[in-house]
Amino acid sequence: MDDDPSQFNVEQGSEDLPELNSSHGAGRSNLQTLLNLLAARTSTQSSVLMGDSRIYAATAMANLLSADHDLDLEGELGTDDEEDADYLDEDEDEVMEDDGDEYYATPRTVFTYPPATTPQAAGVHLIKSGEFGRVGPKIKARKNNRNLAAVFNNRLTNPHPVVYKEDYAANIVPNSNGVIVANYDANIYTAQYSNDSSFFYTCSQDFRLHIYDTTAPPQRAMSRADVTQDQPQTTMNLNRRIQGQHGRWTITDANLSPDNDRIIYSSITSTAYMCSTKEDNPVQVPIPFHDSPGVHYGFWDSGPGSFGLFSCRFSADGNEVIAGGRGYIYVYDLLANRRSVKILAHADDVNSCCWADTSSGNVLVSASDDSYLKVWDRRSLGSSPKPSGVLVGHTEGITYVSAKGDGRYVVSNGKDQAMRLWDLRKMRSNGEYERTAHIEYGVPNFDYRYPSYPRPRYKAHPLDCSVMTYRGHSVLMTLIRCHFSPTETTGGQYLYSGSADGRIHIWSLDGTLVQVLDRTKTLPIRADPSGVEYSRTARRNNGSCVRDVSWSPEQPVIISAAWESSRHGSTLARHEWKGLSKMSNSLQDWEEKRRQEQTEIAEGGSSTRRSSRIQQQRLRRLLMPGMYFSVDDDDDEDM
């Protein structure tokens, strides 16, 4: 008989138990013994180990804990971080059978496909389609003609001057790592501008909502010692502080009404609440989405009539609210004070839902942990409870869906580490969906709440109908959100998202990354958000997770909400567009680039003839933003 503890058989008798060695260097042998015992238990389909085997396992574990050795248990077995603050459902999903060991998640490894380095044909077609703003400014931007002074000068000399905001704002993208403008003691779940950018609001895990007046100038930040429990340390003008009704775990979502007079928020309960934004601590109006309003269930009861809401949105007219929860989506009529729509939409939690357009309110979009987005037309729900179509492409659950507002395009973030752009005119039929709905294309046993994602078996669903896919960010730890850039200033030609790696990613429609803003390099709260962005001598921390991001509809400014693992709270940061004069080392870099290109021109001038247009294009690339450069009249024509 082999006395090697690593080859121990669970069926051998106690008289054959070898003496375990707990000296230095024997830890790995004891560890291997435990692994073999567990493997033998699994292979014999036994619910418990035999008595002697249990003694053996206990002895091996005691040796591991008491031995003075340098065995790296994390390296051998791996380690899992503490569970994230996202809600952990008591009814855990059934574990899917694994098709192979290679699909188990490796601790602290995140597999991501790299972002596109060249413009993708489908995205370029979208840019030129006219559905994402004026085409002329985009074509000029792709030729590196981004001179603001020339735009204004030519409009002023035009006999019929018409200056569109998009002409000069479409290509000004926030490019700074930002300055902290608020410190919270709780995790922020929603952080968004109002539709007119006059307010900025947040909801957090301590069931508090804060509304800031963004039209007021910044103020001096109070010291941490002077900050009260219900007020974050901030340099923004805090307009309202609202203590929400306590629900389960956290406020999951909040949304401001179109007129900015009301705010609605949800929790992991079946009742959302609406209140006024005109006063502190206003009356909380309950909005019940369950079937039996009069029935009371226990705090943690998940019986009939009790469920969680993960998303809520006002309609464009502010008279209805859409909400999503445990497989269902609902519509509540505020004028009639009743629930008007209830749809069993998905086989798993509905993490996000929205209205597809800002006019009719008839088309709804839901996004679920079952990896599908479904489109619902309220006008046909009476005759058929089935969706009008299904958006197929993600292989893992979907964390968020956001609509452009034109009734055609939506964008979604998926736990398969991809953001996808959809055209509702190209969705799959419900019949096509049902033929493959029973097939799992995701990674078995994958849990997004931990910071790991293994290489997937499928890059996309075989029936992928998305228009474009955007990669490079990390969708882990929490339900990270994504959005279109503002239509008023950019035509919606950019897409942006938070990321679990502490960065904000901004993509062009063509699939290429335009900017990556790093929250680990964000400046402290006492710095000037509009001042020179200096380099920090040390990284603040590398434990940030950016959950939500919002781009101002009026200015090239982004405010991001990040969870800070080092201080167990969260922060808001303001990211502005800064010209070369305010970027760290940018002037020197620009001067060096100009010197090198002038040298290249001088060296090749005698041997290569260049047209005046090519020389003008070179000069344009050398110009700093805002500098004037005369252009030919034909170059300035609107397209």
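Can you walk me through the overall build of the protein in this structure?
Helix and strand content of the protein: 11 helices and 29 strands. Relative to its 639 residues, the protein shows a buried fraction of 51%. For the protein, the share of sequence-separated contacts (at least 6 apart) that also reach a separation of at least 24 residues comes to 61%. With the model as given, the accessible surface of the protein reaches about 29,900 Å², and the carbon-plus-sulfur share is 48%.

How should the pattern of salt bridges be read in this particular structure?
Any two side chains of opposite charge can pair, given that their charged atoms come close. For the structure on display, the rule yields 23 salt bridges. The partner of Arg 481 in a salt bridge is Asp 253, with the nearest N and O atoms 3.1 Å apart. Taken as a pair, Arg 481 in the loop between β22 (468-470) and β23 (482-484) and Asp 253 in strand β7 (residues 251-256) lie far apart in primary sequence, 228 residues in all. By the burial criterion, Arg 481 is buried, and Asp 253 matches it.

Whenever I open this one, the sheet that holds strand β12 (residues 320-325) confuses me. Can you help?
What holds strands together in a sheet is hydrogen bonding between their backbones, with the strands either parallel or antiparallel. Taking strand neighbours across the sheet as the criterion, the four strands line up as β11-β12-β13-β14 in an open arrangement whose pairing is antiparallel. Each having just a single partner strand, β11 (309-314) and β14 (338-344) make up the two edges of the open sheet. Within this sheet the neighbouring strands show an average axis-to-axis angle of 20°, counted without direction.

How should I be thinking about helix α4 (residues 121-128) in this particular structure?
Side chains of residues three or four places apart in an α-helix project in the same direction, reflecting 3.6 residues per turn. Buried within α4 we find Gly 123, Val 124, Leu 126 and Ile 127. End-on, the buried residues of α4 take up no more than an arc of 155°, which puts them together on one face. Projecting away from the buried face of α4 at angles above 90 degrees are the exposed residues Ala 121, His 125 and Lys 128. Phi turns positive, to about 85°, at Gly 130, one or two residues after α4.

The rules behind the values
- Residues numbered from 1 in each chain as written.
- Predicted model: local features only at pLDDT ≥ 70, side-chain atom pairs only at ≥ 80, totals over all residues.
- Heavy atoms only, no water.
- Helix = DSSP H or I, 4+ residues; strand = E, 2+ residues; numbered from the N terminus.
- Buried < 20%, exposed > 50% of the residue type's maximum accessible area, 1.4 Å probe, protein only.
- Contact = heavy atoms within 4.5 Å.
- Areas by Shrake-Rupley, 256 points an atom, 1.4 Å probe, with all protein chains shown as cover.
- Salt bridge = Lys/Arg side-chain N within 4 Å of Asp/Glu carboxyl O.
- Pairing = 2+ DSSP bridges.
- Axes fitted to C-alpha atoms, helices over the stretch in contact; angles between N-to-C directions.
- Arc of directions from axis to C-beta.

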